[in-house]
2 protein chains.
Amino acid sequence: MAESFLEYYEGKTGLTIGIREKLFDKQTPYQRVEVFDTDAWGHLLTIDGMVMLSERDEFVYHEMISHVPLFMHPAPKRVLVIGGGDGGTVREVLKHRTVEHVDLVEIDEAVVEASKLHFPGLGVFEHPKLSVTIGDGIGYVAGLENAVDVIIVDGSDPTGPAEGLFSESFFRDCERALKPGGILVAQNESPWVPSYRPAIRAVMQILAGQFPYANLYLSFIPLYPAGMWGMALASKGGDPLDGPLAERLAEDGDFLEALRYYNPELHRGAFALPNFVRQLIEE
Amino acid sequence: MAESFLEYYEGKTGLTIGIREKLFDKQTPYQRVEVFDTDAWGHLLTIDGMVMLSERDEFVYHEMISHVPLFMHPAPKRVLVIGGGDGGTVREVLKHRTVEHVDLVEIDEAVVEASKLHFPGLGVFEHPKLSVTIGDGIGYVAGLENAVDVIIVDGSDPTGPAEGLFSESFFRDCERALKPGGILVAQNESPWVPSYRPAIRAVMQILAGQFPYANLYLSFIPLYPAGMWGMALASKGGDPLDGPLAERLAEDGDFLEALRYYNPELHRGAFALPNFVRQLIEE
């Protein structure tokens, strides 16, 4: 079998990836979950035909969505991950010694199943500090108050089951679920892609209205549309770039050398946005 | 006509772009130069089937290859651009008031011709401070000594006519052509692409051996392989990030607001490299 995966992200602009074989294919009540073996990126997870991660590039997304908020919080003990059923975000979160408990709330059990079967490097599903809940993250967070230090929204694009993860009521519930000084991070699409821009702008406006501090940071993710991906960060404290980053790195950074993307200079550099991205989120 | 452009950058991984029509096609003694009208990126220039630029994303490459060296040099008066026959780099260089003269040395007249015909927003070929030479940039720079303040190597990939632009002898000649305190920038491929990595590493090693300071910085370029592009910077002075950047921005930065990518924070942020890129260039 010599086929190609193809994801268009704007008109007929898209990314194509060589496929050796399909390893997993399940239509769930929520979405279609597929895993492919590729010619250059190892195993590839897609949902509804959109790339979620590959074995070769997943470290960028998972390191950046985890270590940026966790090193900015003065003492992250309780962490909630919404989505993230592949396990990669939790793997990174659990590297922080301060973390006492992580709740992972994934709506679609098939994502966890596909990951356990075909991405053995991602999941740490049996970790004693981890609770996995298969269920609706939106309802889960609505039931929390002053309960967690960091929330990581690791969902898919704002079509299908993840649409509610871009809504004002969801972020209001996140704000209430966070303890004082709490930090929220949510994946926030690619500023290069016109069809994403309304959602990117909306998320930033909602967060700026509900938190004292909200900003966007960027990462290079080769298999995501246009290779540029944004993550929205909001803090119940002040600007976390003025916060305890240096102390936290000294205290809890013994695993930094083994990381493949994140480092403290890059952490700050990722918040330096190109003008066209600044204009998008400040409009 | 409804076709697609497709550039593979590794195995069967590649970028595809919707094409309305082909506007230009010339096989020169050096390479094949084509221009397409696309469905989402305006006009697209390709050389030997590889994307050089589109009207929509060219600002990233041209702003970053020009303003980073020019704002780091204390008084850039004479600038040499090797390659860059599309005119976009020269357009940005000429925004600096300090610049008294720019020499553009492009090997292939067809690139200039295609740009004049199909990229009217790029070229400022008739500017009184600009001299355009159609010829071999390698031979041109070999004839210079203590002559220019900034050299920008704006060539294509290290296959075909641009191969010599990645050689030790060429960079030695650049070093001699630069005045004291001079700065060299050379486009240096995508760290994500395995076939580019030997050239990226070789360029950084050559520059580190011939200049007191050499480093790499990164930009998000959506139509280049993997969306991440490196530019190598070398300085005959010390670390130019410790140099006169703030003074230069105050003195010559009246056009900053109109830029679409570059800003002073991003300038510094672009030098914050992911761990895997650091490891590549420090190996």
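Residues numbered from 1 in each chain as written. Chains lettered and ligands numbered in written order. Predicted model: local features only at pLDDT ≥ 70, side-chain atom pairs only at ≥ 80, totals over all residues. Heavy atoms only, no water.

Undergrad: Provide a residue-level description of the domain arrangement of chain A, including the pertinent values.
TA: Residues and elements named next belong to chain A. Structurally, chain A comprises domain 1 (3-54) and domain 2 (58-282). The interface is formed by 23 residues belonging to domain 1 together with 25 residues belonging to domain 2. Note on domain 1 versus domain 2: buried area summed over both sides is about 2,200 Å², and carbon and sulfur give 69% of it. When the buried area of domain 1 at its contact with domain 2 is split by residue, Y9, Y30 and L53 rank highest and sum to 27% of it. Applying the counting criterion to the domain 1 and domain 2 interface returns 1 salt bridge. A salt bridge links E113 to K26, with the nearest nitrogen and oxygen atoms 2.8 Å apart. Here domain 1 is connected to domain 2 by 7 residue pairs in polar contact (both at pLDDT 80 or more). Sorting the residues of the side of domain 1 that touches domain 2 by element identifies β1 (3-10), β2 (13-27), β3 (32-38), β4 (43-47) and β5 (50-54) as the ones contributing at least two each. For the side of domain 1 that touches domain 2, the class distribution of residues is 16 nonpolar, 4 polar and 3 charged. (Domains from an automatic or database assignment. Contact = heavy atoms within 4.5 Å. Buried area = accessible area lost by both parts, 1.4 Å probe. Salt bridge = Lys/Arg side-chain N within 4 Å of Asp/Glu carboxyl O. Polar contact = N/O pair within 3.5 Å; in protein donor to acceptor, adjacent residues only side chain to side chain. Helix = DSSP H or I, 4+ residues; strand = E, 2+ residues; numbered from the N terminus. Nonpolar A, V, L, I, M, F, W, Y, C, P; charged D, E, K, R; others polar.)

Undergrad: Go over the sheet that holds strand β10 (residues 178-187) of chain B, please, and point to the residues and values.
TA: Residue and element names in this part refer to chain B. The mixed open sheet is built from 7 strands, whose spatial order is β8-β7-β6-β9-β10-β12-β11. On the outer flanks of this sheet lie β8 (130-134) and β11 (213-220), each paired with one strand and no other. The mean angle between the axes of side-by-side strands here comes to 15°, regardless of whether they run parallel or antiparallel. Both β10 and strand β12 (residues 228-235) contribute to a ladder of 5 bridges, which runs antiparallel. Along β12, the bridge assignment pairs Q187 with M231. Across the sheet, helix α6 (residues 197-210) touches β10, β11 and β12, and the angle it forms with β11 is around 145°. (Pairing = 2+ DSSP bridges. Axes fitted to C-alpha atoms, helices over the stretch in contact; angles between N-to-C directions.)

Undergrad: Before we move on, can you summarise the environment of L80(A) with the specific residues and values?
TA: Residue and element names in this part refer to chain A. Along the chain, the position of L80 falls in strand β6 (residues 78-83). It is 6.1 Å that separates the C-alpha atoms of L80 and L104, two residues lying 24 residues apart in sequence. Not counting residues up to four positions away in its chain, the partners in contact with L80 are D103, V105, Y140, V141, L144, V148, V150, I151 and I152.

Undergrad: I'd like a rundown of the interface of chain B and chain A, residues and numbers included.
TA: Each partner contributes residues to the interface: chain B has 44 residues there, and chain A has 44 residues. Taking both sides of the interface into account, the surface hidden between chain B and chain A amounts to around 3,400 Å²; carbon and sulfur atoms contribute 56%. Taken as a group, W192(B), F220(B) and N275(B) account for 21% of the area that chain B buries against chain A, more than any other trio of residues on that side. Seen at the junction of chain B and chain A, the total is 4 salt bridges. R278(B) serves as the salt-bridge partner of E265(A), at 2.6 Å between the closest nitrogen and oxygen. Across the chain B-chain A interface, the total number found is 27 residue pairs in polar contact (both at pLDDT 80 or more). For the side of chain B that touches chain A, the secondary-structure elements that each account for two or more residues are β1 (3-10), β2 (13-27), α1 (58-72), β11, α8 (264-269) and α9 (275-282) of chain B. At 6 residues, the largest contribution of residues to the side of chain B that touches chain A is made by β2(B). Grouping the amino acids of the side of chain B that touches chain A by side-chain chemistry returns 25 nonpolar, 10 polar and 9 charged. The pairing of β2(A) with β2(B) spans 3 bridges and is classified as antiparallel.

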